[in-house]
Amino acid sequence: MRLKSWIAAALLFALALPASANSMRVGDLRVYYNALPTTQLTPEVARQYGITRSANRALLNVSVRRGEPGADVAVPAQVLAVATNLAGQRNGVKMREVRDGEALYYLGEAPINGQDTLTFEIEIIVQGQAPMSAVFRQEFFPQ
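Figured I'd write up the structure that's included with this text. (Residues numbered from 1 in each chain as written. Predicted model: local features only at pLDDT ≥ 70, side-chain atom pairs only at ≥ 80, totals over all residues. Heavy atoms only, no water.)

So, the overall build of the protein
Looking only at helices and strands, the protein features two helices and 10 strands. From first element to last, N terminus to C terminus, the protein shows the α and β order α-β-β-α-β-β-β-β-β-β-β-β. Here the protein, with 143 residues, has 44% of them falling under the buried criterion. Contacts in the protein between residues at least 24 apart in sequence constitute 59% of all its contacts with a sequence separation of at least 6. Looking at the protein as shown, the accessible area adds up to about 7700 Å², and 52% of this sits on carbon and sulfur atoms. (Helix = DSSP H or I, 4+ residues; strand = E, 2+ residues; numbered from the N terminus. Buried < 20%, exposed > 50% of the residue type's maximum accessible area, 1.4 Å probe, protein only. Contact = heavy atoms within 4.5 Å. Areas by Shrake-Rupley, 256 points an atom, 1.4 Å probe, with all protein chains shown as cover.)

Encoded structure:
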């Protein structure tokens with residue numbers, strides 16, 4: 001059963017953080033962040049992590065790591081996020097921590113309407129560090 005859980009976590013992480021994922025580095029910390037339509041998740045993965053699969057939902061995924069890639073470790077953080085569409089409508093994105101073995105990431109859902117573009121503003125707070133912030137824009141297409 002543990003292997004199944006690990007595979008689901010790896011799948012979710014791979015979907016949400018592809019090679020083209022956004023990232024930033026501050027000192028020895030690296031923050032990875034990305035958003036995708038929840039319909040890109042398999043029903044099993046969505047169910048396991050309590051994610052609503054819908055053409056009207058986007059998933060924001062944030063991960064904080066310390067150390068060099070390949071030898072890095074997950075770092076707990078507080079993640080705050082806001083999503084703004086092109087019409088200027090701002091929605092707070094309630095982020096929740098997900099731990100699965102050594103994996104640690106933060107997930108939140110935001111509403112989208114058809115073909116939509118959201119600007120995500122993220123604040124990452126790691127104990128003992130100055131707060132970090134990132135802004136990125138993601139376009140979503142109906143599926």
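Resuming the write-up.
So, the packing of aromatic side chains
Applying the stated criterion across every chain yields a total of three aromatic pairs. A ring pair is formed by Tyr49 and Tyr105, whose centres lie 6.3 Å apart and whose planes are at 55°; its orientation type is tilted. Placement of Tyr49 in the loop between α2 (43-48) and β3 (57-66) and of Tyr105 in strand β8 (residues 103-111) is noted, with a sequence separation of 56 residues between them. In this structure Tyr105 comes out as buried when scored by relative accessible area, which is 1%. Pairwise contacts between aromatic rings join Tyr33, Phe120 and Phe136 into one cluster. (Phe/Tyr/Trp six-rings, centres within 6.5 Å; stacked < 30°, edge-to-face > 60°.)

A short note on the sheet that holds strand β10 (residues 132-140)
What the four strands build is an open sheet, ordered β6-β5-β9-β10; its pairing is antiparallel. Lying at the two open borders of the sheet, with one neighbouring strand each, are β6 (90-93) and β10. Averaged over neighbouring strand pairs, the angle between their axes works out to 20° when direction is ignored. Bridging between strand β5 (residues 78-85) and strand β9 (residues 116-125) involves eight bridges; their strand directions are antiparallel. Paired with Ala81 across the two strands is Ile122, which belongs to β9. (Pairing = 2+ DSSP bridges. Axes fitted to C-alpha atoms, helices over the stretch in contact; angles between N-to-C directions.)

Some thoughts on the side chain of Glu109
With respect to the helices and strands, the residue Glu109 is situated in strand β8. Overall, the relative accessible area of 17% leaves Glu109 in the buried class. Within the local environment of Glu109, its side chain forms a polar contact with the backbone nitrogen of Thr52, the two atoms lying 3.4 Å apart. Of the polar contacts made by the side chain of Glu109, one reaches the side chain of Arg57; its length is 3.3 Å. Once residues within four sequence positions are removed from consideration, Glu109 is found in contact with Gly50, Ile51, Thr52, Arg57, Ala58, Leu59, Val93 and Lys94. (Polar contact = N/O pair within 3.5 Å; in protein donor to acceptor, adjacent residues only side chain to side chain.)

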